[in-house]
Amino acid sequence: MKPNLHHLIVCSGAVATRLYAAVLVGLALMTTSAQSQTEPAIPHLKKHGTATQLIVDGQPFLARAAELNNSSASSLEYMKLLWPRLTATHINTVLATVSWELIEPQEGKFDFKLVDGLLKEARANDLHLVILWFGSWKNGKSTYQPLWVKTDQTRFPLIQNEQGKSLPTMSALSDANRHADAAAFASFMRHLREVDGSRHTVLMIQVENEVGVLDTPRDFSPAANRAFNGPVPKELMDYLQAHKDVLIPQLRQAWETNGFKTSGTWEEVFGKSTVNKDDWKAYSYFTEEIFMAWNYARYIGHIAAAGKMEYNIPMYVNTWLKQQNYGLPGMYPSGGPLPQVMDIWRAGAPAIDILSPDIYAPNFTDWCDWFTQSGNPLFIPEARADARGVANAFWAFGKHDAIGYSPFGIDRTAGADTELARAYDVISQIAPLILAHQGDGTMTSALLDNGGVSQTVRLGNYNLEARFSSRSFGGVSNTPPDRVAGLFISNGLDDYIIVARGMNVYFTAATNPSDSVGLTTVEEGVYADGKWIPGRRLNGDETPEWKAVRFRSDAYTI
Ligand code: DGJ
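Everything quoted here is computed from the prediction, not taken from an experiment. The written sequence of each chain sets the order in which its residues are numbered from 1. For this predicted model, a pLDDT threshold of at least 70 governs which residues receive local features, and a threshold of 80 or more governs which side-chain atom pairs are given and counted, while totals over whole chains, interfaces and linings are taken from all residues. Neither water nor hydrogens contribute to the side-chain values; these are computed over all heavy atoms in the structure.

## Overview of the nonpolar core
In this structure, L86, F188, I205, V207, W345, F488 and F507 are the most contacted members of the largest nonpolar core, which totals 154 residues. Runs of E in the DSSP output that reach at least two residues are strands. Runs of H or I that reach at least four are helices, and both are numbered from the N terminus. A per-element tally of this core places helix α11 (residues 286-310) first, with twelve residues. Not counting the four nearest positions on each side in its chain, V207 is found in contact with W133, F185, I300, I303, A304, M315, Y316, V317 and I352. The definition of a nonpolar core used throughout is a set of buried Ala, Val, Leu, Ile, Met, Phe, Trp, Tyr and Cys residues joined through side-chain atoms within 4.5 Å. Any residue under 20% of the maximum accessible area for its type is buried, any over 50% is exposed, and the rest in between are partly exposed; the area is computed with a 1.4 Å probe on protein chains only. In this structure, A65, V130, Y144 and L203 belong to the second largest nonpolar core, which totals 16 residues. In what follows, residue pairs with any heavy atoms lying within 4.5 Å of each other are defined as contacts.

If you want it as structure tokens, here you go:
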């Protein structure tokens, strides 16, 4: 199949009469602020209006990312064939694993050859990296700790279930576990500062992977039982009181139901759990989940802080989400940074900058809403790469000012002739505009399902109604995707830039509904090196009723 031409559609013109308000050419207004003298040169996060941006070399950065399979980065030889496929996918950031077992095969003896090779190849391919630190935990279990840790369970204890059986998960309540992981991570971060402190190939670190205990709602080891039956730590009680009015509702409710106590055991403060496996909505084991969240947050917060002491770049944790029908903590990792315990994580792990969702679930927009509560920036380290996933990416960037989007398992799907490559190509063209408009209320998005209802968003003086359309204009495919997105930027009065697929976007007046609205000038084209290159001038069937812009269903166009 022939690769797409990625047309950009810019609605353009000027208000002709009161009856013909419209949209004016939005050319590349790609100003980015110069780095101030006082800003740290290393990658860092910075507020931009209501958004949080990742700043790299003084400029805001939009991560068109993808995550490798878990084992890929353990072999530079394996990676050789992959790099060109990654760049062909228009990816600018690769999420790659660095594991504890491979960098510290013997206690205190470090080997960073693999890390150095990864950096060298990423640079040669003009790619950035986000490093996933696979230390104590990966998907709720412990398989990446070195053998000297794995085989000494007296020194490095595992969790136990209620029956006293050890499970293959390092206990978050063990000082020895925490110190050993932190020491390894700090050594890695020290090395990273030495080899990358002036190059900035590595942008962020994911600390551990999808943590939380599985198959039991909490750790029942003797140390965990003692802590669970002891008082809620004062630091947590102080945090809850200081943030009482802005706590996530579920947590606040559990605390309120039990009388907003300012001290007491976990069960006294948050309640004794009831189990009702027949009714998933009757929330059970919440106290156990809160308890585990605190202990994971303290452990991982300690590791992140130790790493930041060496090299202070942004750090995040990723989350295995609670699936529908798997409602109890322990069926999903109990204590992971899910929205209902977000405040516990904030209190316990201030060195963690972002709590990230891995979103494979169908209710993508819900998860984005839940994870952007309390000002948490959105970075999605795992997601889908297909047409549906790509639509979700546009939504995350347009609606939630996402720092980045990263489909998982890119080894399988990378390539130029893919949904992801075509979408990332278009996103790369308008990334400077997206970044310039983040956090100032001039950008939004619509997400439409085939057969679903239309969506109306207000932007500036107009309402934009997006209606699903399967018309392909004879492009690469006549099968419309089941989900499409539009990203809308208001670039000034009567001036809009739109990226969309498979929809007609109708303009109506937002302030006075009796005003008629018409378009004046509509162009499609491409941005090349930030410069607008107009293509077709659209009219007639391409601008239905002269009130709408029609976007083809086979590709995203701007
Ligand atoms: C989620 C994990 O975080 C990833 O590392 C990977 O194992 C995927 N699941 C597999 O689908």
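## Focus on the layout of surface pockets
Cavities and pockets were defined on a 1 Å grid built from protein atoms only: a cavity is a group of points that admits a 1.4 Å probe but offers it no way out, a pocket is an open group of points flanked by protein on both sides within 12 Å along at least five of seven lines, and a lining residue is one with an atom within 4 Å of any such point. Grid points are joined across faces, edges and corners, and a volume is the space filled by probe spheres set on the points. Here the second largest pocket is characterised by a volume of approximately 340 Å³. Lining of the second largest pocket is provided by 20 residues; of these, E162, T216, P217, F220 and Y285 occupy positions nearest its centre. Residue type decides the class: Asp, Glu, Lys and Arg count as charged, Ala, Val, Leu, Ile, Met, Phe, Trp, Tyr, Cys and Pro as nonpolar, and the leftover types, Gly among them, as polar. Along the lines of polarity and charge, the residues of the lining of the second largest pocket split into eight nonpolar, five polar and seven charged.

## A short note on the packing of aromatic side chains
Any two of the Phe, Tyr and Trp rings considered here, Trp counted by its six-membered ring, make a pair once their centres fall within 6.5 Å; the pair's planes then place it as stacked at under 30 degrees, edge-to-face at over 60, or tilted in between. Enumeration over the complete set of coordinates arrives at 22 aromatic pairs. Among the aromatic side chains, those forming a connected cluster through ring pairs are F228, W266, F270 and F291. Just above the ring of F260 sits the side chain of K244; from NZ or CZ to the centre is 4.0 Å. Lysine NZ or arginine CZ positioned within 6 Å of the ring centre and within 35 degrees of the ring normal marks a charge as sitting over the ring. Over the aromatic face of Y506 sits the side chain of R467, whose NZ or CZ is 3.8 Å from the ring centroid.

## Focus on the site of the ligand
We call a residue near a given molecule or strand whenever any one of its heavy atoms falls within 4 Å of it. As a structural note, the neighbourhood of the ligand is formed by N70, K138, N139, N209, E210, D358, E382 and F408. In the model, an oxygen atom of the ligand is placed 2.9 Å from a nitrogen or oxygen of the K138 side chain. At 2.8 Å, a side-chain N or O of N209 approaches an oxygen atom of the ligand. Residue-level accessible areas treat just the shown protein chains as cover; the underlying method is Shrake-Rupley with a 1.4 Å probe. Relative to its unbound accessible surface of 290 Å², the ligand loses 73% to contact with the protein. Residues that form the shell around the ligand fall into these classes: one nonpolar, three polar and four charged. Counting of polar contacts relies on pairs of N or O atoms within 3.5 Å, with two restrictions inside protein: one atom must be capable of donating a hydrogen and the other of accepting it, and residues adjacent in sequence are counted only when both atoms are side-chain atoms.

## Digging into the pattern of salt bridges
For this analysis, a salt bridge means a side-chain nitrogen from Lys or Arg found within 4 Å of a carboxyl oxygen belonging to Asp or Glu. Enumeration according to the criterion identifies 21 salt bridges in this entry. Between R155 and E107 there is a salt bridge, with its nearest N and O atoms 2.7 Å apart. Placement of R155 in the loop between α5 (147-150) and β8 (158-160) and of E107 in the loop between α3 (100-103) and α4 (113-124) is noted, with a sequence separation of 48 residues between them. For R155, a relative accessible area of 39% gives the class partly exposed. Salt-bridge contacts for K113 lead to D111; the nearest nitrogen and oxygen are separated by 3.3 Å. Among the ionic contacts, a cluster of salt bridges with common partners joins R190, R193 and E310.

## Digging into the environment of W320
With respect to the helices and strands, W320 occurs in strand β11 (residues 315-320). Excluding its chain neighbours within four sequence positions, the residues that come into contact with W320 are N139, E210, L214, Y332, P333 and L338.

## Quick notes on α4
Multiplying one less than the number of residues by 1.5 Å gives the expected span of a helix. Counted at 1.5 Å a residue, the expected span for α4 with its twelve residues is 16 Å, and the 17 Å between its end C-alpha atoms agrees. Where α4 is concerned, the buried positions are V115, G117, L118, L119 and A122. After α4 finishes, the residue D126 shows a positive phi value of roughly 60°.

## Observations concerning the environment of E107
According to the relative accessible area criterion, E107 is partly exposed, its value standing at 43%. Counting along the chain gives 42 residues from E107 to V149, while the straight-line C-alpha distance between them is 8.7 Å. Apart from the residues within four sequence positions on either side, E107 is in contact with W148 and R155. At 2.7 Å, the side chain of E107 forms a polar contact with the side chain of R155.

## Some thoughts on the environment of T262
Inspection of the secondary structure assignment puts T262 in the loop between α9 (249-257) and α10 (266-270). Note: C-alpha distance between T262 and L236 (26 residues apart in sequence) is 9.9 Å.

## What about the sheet that holds β11?
One bridge is not enough; two strands pair if DSSP finds at least two bridges between them. Spatially, β12-β11-β10-β7-β6-β5-β14-β13 is the arrangement adopted by the eight strands of the open sheet, whose pairing is parallel. Each edge of the open sheet carries a strand with a single partner, namely β12 (354-358) and β13 (379-380). What counts as an axis is a line fitted to C-alpha atoms, over the stretch in contact for a helix, and the angles between N-to-C directions run from 0 to 180 degrees. The strands that helix α6 (residues 175-196) touches are β6 (93-99), β7 (128-138), β10 (202-209) and β11; relative to β10, the one it contacts most, it runs at about 170°.

## Overview of the sheet that holds strand β2 (residues 44-48)
The strands making up a sheet associate through hydrogen bonds between their backbones, and the pairing can be parallel or antiparallel. One open sheet accounts for three strands, arranged β2-β3-β4; its pairing is antiparallel. A single partner strand is all that each edge strand has here, and the edge strands are β2 and β4 (59-61). Neighbouring strand axes in the sheet, compared pairwise and without regard to direction, differ in orientation by 55° on average. One ladder, built from five bridges, connects β2 with strand β3 (residues 51-56); its direction is antiparallel. Each residue of the ladder has a partner; that of K46, found in β3, is Q53.

## Some thoughts on α6
When the terminal C-alpha atoms of α6 are compared, their 30 Å separation across 22 residues agrees well with the 32 Å that a helix rising 1.5 Å per residue should span. Where α6 begins, the side chain of S174 points an oxygen toward the backbone nitrogen of A176, at a separation of 3.3 Å.

## Section: the packing of helix α14 (residues 387-400) against helix α16 (residues 419-437)
It is at 9 Å that the axes of α14 and α16 come closest, and there the two elements cross at 25°. One finds that α14 runs roughly parallel with respect to α16. Both α14 and α16 take part in a crossing whose hand is right-handed. Residues A387, V390, F394 and F397 of α14 form the contact with α16, whose participating residues are E419, L420, A423 and I427. Here the word oblique covers every angle except those under 35 degrees (roughly parallel), over 145 (roughly antiparallel) and from 65 to 115 (roughly perpendicular). Crossings are sorted by hand: turned counterclockwise from the far helix by less than a right angle, the near helix makes the crossing left-handed, and turned clockwise it makes it right-handed.

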